Amino acid sequence: MTQQLQHFQLTDDWAEIIRAIDEDGGVIVERFLDPKLHTELVEQLKPHADGFEPGMAEGSLKALFCGQNTKRFSALCRRAPVFAEVVDHDLLHEWAEHGFQNDYWLNTGQAMIIGPGSTEQFLHRDAGNWPVVVAGGQDAPEATLSVMIAMSDFTVDNGATRVVPGSHRWSDFDQEATPDQVVQAVMPAGSALLYSGKTIHGAGANISSDSWRFGIQLSFTLGQLTPEEAHTITVPWTVAQHFSERVQHMLGYASLRTFSPDWPVLWTADYRDVRESLTPPPKHEYVSAGAKHLKLPVEAA
């Protein structure tokens, strides 16, 4: 029997939600977004979605991956400032601190709006952006943790995300999924699919006649890895300065800690925290919550 995705409510025990992700590779959390936040996000993103042309340049593998009738754009914190509240979501950071056990930052925040006639996206693992991690298979450190948020209802017909539960623990990461191992993340608007970067997944085909599947994909990545989106370009400091310290850090407006919470090592300026170089200066010196797990090596003390 095909393994199904477990469903939770945001009010459920978060430790149980995270435990289920560890076991299955992904879960659905209903009512992930507060209704007011969901409405504001739709209102702020709709003008950008309406004016964005679907597809990419013909002929490339990336164009095939993105879909010719799919609208995909980023810079969401700039285009919809209320998106910062999603980046700041406490459940996501609880999960990230558990999954990475190290400093981390935002990988990307993207609108993925799939139109009628779109074919299935090929199945993949998000960790594939960093082949050196994928080479380690199931035992490699977690490279990225992802969430697909349903801004509209996700249905079988309009291309609800396809997922292969348990694939994050396969001994052979070159193994291909069989059709009977694939399920779809059917969920109402405001819900979210939370899944490991090692879990096989891909957008479904939109076989509806007139329904656009509106989703937002947000992911965090280990601090030692290069994010997919260049946030300090897509979301300039003139915008980011108005967000919380944690969101600023996620966007790259703070240095990353590898050894110790008080020692910024990566993404620095003159070997100092980049926050010292920002104008106007930040109100606080923020250290990522993930850095609390770090300890200075004895031999380097």
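Structural data are supplied above this passage.
Please read all numbers here as calculations on a predicted model, not as lab measurements.

**A word on the overall build of the protein chain**
Within the protein chain, the regular secondary structure consists of 10 helices and 14 strands. Computed over C-alpha atoms, the radius of gyration of the protein chain comes to 19 Å, within 12% of the 19 Å expected from 2.2 N^0.38 for 301 residues, which places it in the range of a compact globule. Taken over the C-alpha atoms alone, the protein chain extends approximately 60 × 45 × 45 Å along its principal axes. Out of the 301 residues in the protein chain, the part that is buried amounts to 52%.

**Brief notes about the sheet that holds strand β9 (residues 201-202)**
Within a sheet, each strand pairs with its neighbour through backbone hydrogen bonds, oriented either parallel or antiparallel. On the basis of which strands lie adjacent, the open sheet formed by 3 strands has the order β7-β6-β9 and antiparallel pairing. The sheet is open, and its two borders are formed by β7 (183-184) and β9, each paired with just one other strand. Bridging between strand β6 (residues 162-163) and β7 involves 2 bridges; their strand directions are antiparallel. Pairing of Val163 across the sheet is with Val183, part of β7.

**Considerations on the nonpolar core**
Formed by 57 residues in total, the largest nonpolar core has its most connected members in Leu41 and Leu194. One finds Leu5, Phe154, Ala185 and Leu193 within the second-largest nonpolar core, a separate group that totals 13 residues.

**Quick look at helix α2 (residues 35-51)**
With 17 residues, α2 should reach 24 Å at 1.5 Å per residue; the first-to-last C-alpha distance of 25 Å fits that figure. Leu45 marks the point of greatest bend in α2, at about 40 degrees, and the proline Pro47 comes within the next four residues. If you check which residues of α2 are buried, you get Leu37, His38, Leu41, Leu45 and Ala49. Where α2 is buried, its residues touch β3 (70-73), α4 (76-79), α5 (84-87), β4 (104-114), β5 (144-150) and β10 (213-222).

**Regarding the packing of aromatic side chains**
Two descriptors summarise a pair of aromatic rings, namely the distance from one centre to the other and the angle between the planes of the rings. The final tally for this structure, using the stated rule, is 6 aromatic pairs. Each residue in the set Phe100, Tyr104 and Phe220 is aromatic and connected to the rest through ring pairs, giving one cluster. When the ring centre of Trp212 is taken as origin, the NZ or CZ atom of Lys71, which lies over that ring, is 5.2 Å away. Of note, Arg125 hangs over the ring of Phe173, and the distance from its end group to the ring centre comes to 3.7 Å.

**Regarding unusual backbone geometry**
In this structure, Pro280 follows Thr279 across a cis peptide bond, with omega equal to -5 degrees. Considering the arrangement of structural elements, one finds Pro280 in the segment after β14 (272-273). Positive phi outside glycine occurs at Trp267, with the angle close to 60 degrees. As for its position among the elements, Trp267 is in the loop between β12 (263-266) and β13 (268-269). Here Trp267 falls in the partly exposed class, since its relative accessible area comes to 43%. The residue Tyr271 is not glycine, and still its phi comes out positive at about 65 degrees. The topology assignment puts Tyr271 in the loop between β13 and β14.

Scoring rules and cut-offs
- Residues numbered from 1 in each chain as written.
- Predicted model: local features only at pLDDT ≥ 70, side-chain atom pairs only at ≥ 80, totals over all residues.
- Heavy atoms only, no water.
- Helix = DSSP H or I, 4+ residues; strand = E, 2+ residues; numbered from the N terminus.
- Rg over C-alpha atoms; globule rule 2.2 N^0.38 Å.
- Buried < 20%, exposed > 50% of the residue type's maximum accessible area, 1.4 Å probe, protein only.
- Pairing = 2+ DSSP bridges.
- Core = buried A, V, L, I, M, F, W, Y, C linked by side-chain atoms within 4.5 Å.
- Expected span 1.5 Å × (residues − 1).
- Bend = angle between axes of the 7 residues up to and from the residue.
- Contact = heavy atoms within 4.5 Å.
- Phe/Tyr/Trp six-rings, centres within 6.5 Å; stacked < 30°, edge-to-face > 60°.
- Lys NZ or Arg CZ within 6 Å of the ring centre and 35° of its normal.

Read these as spatial facts, not as claims about activity.
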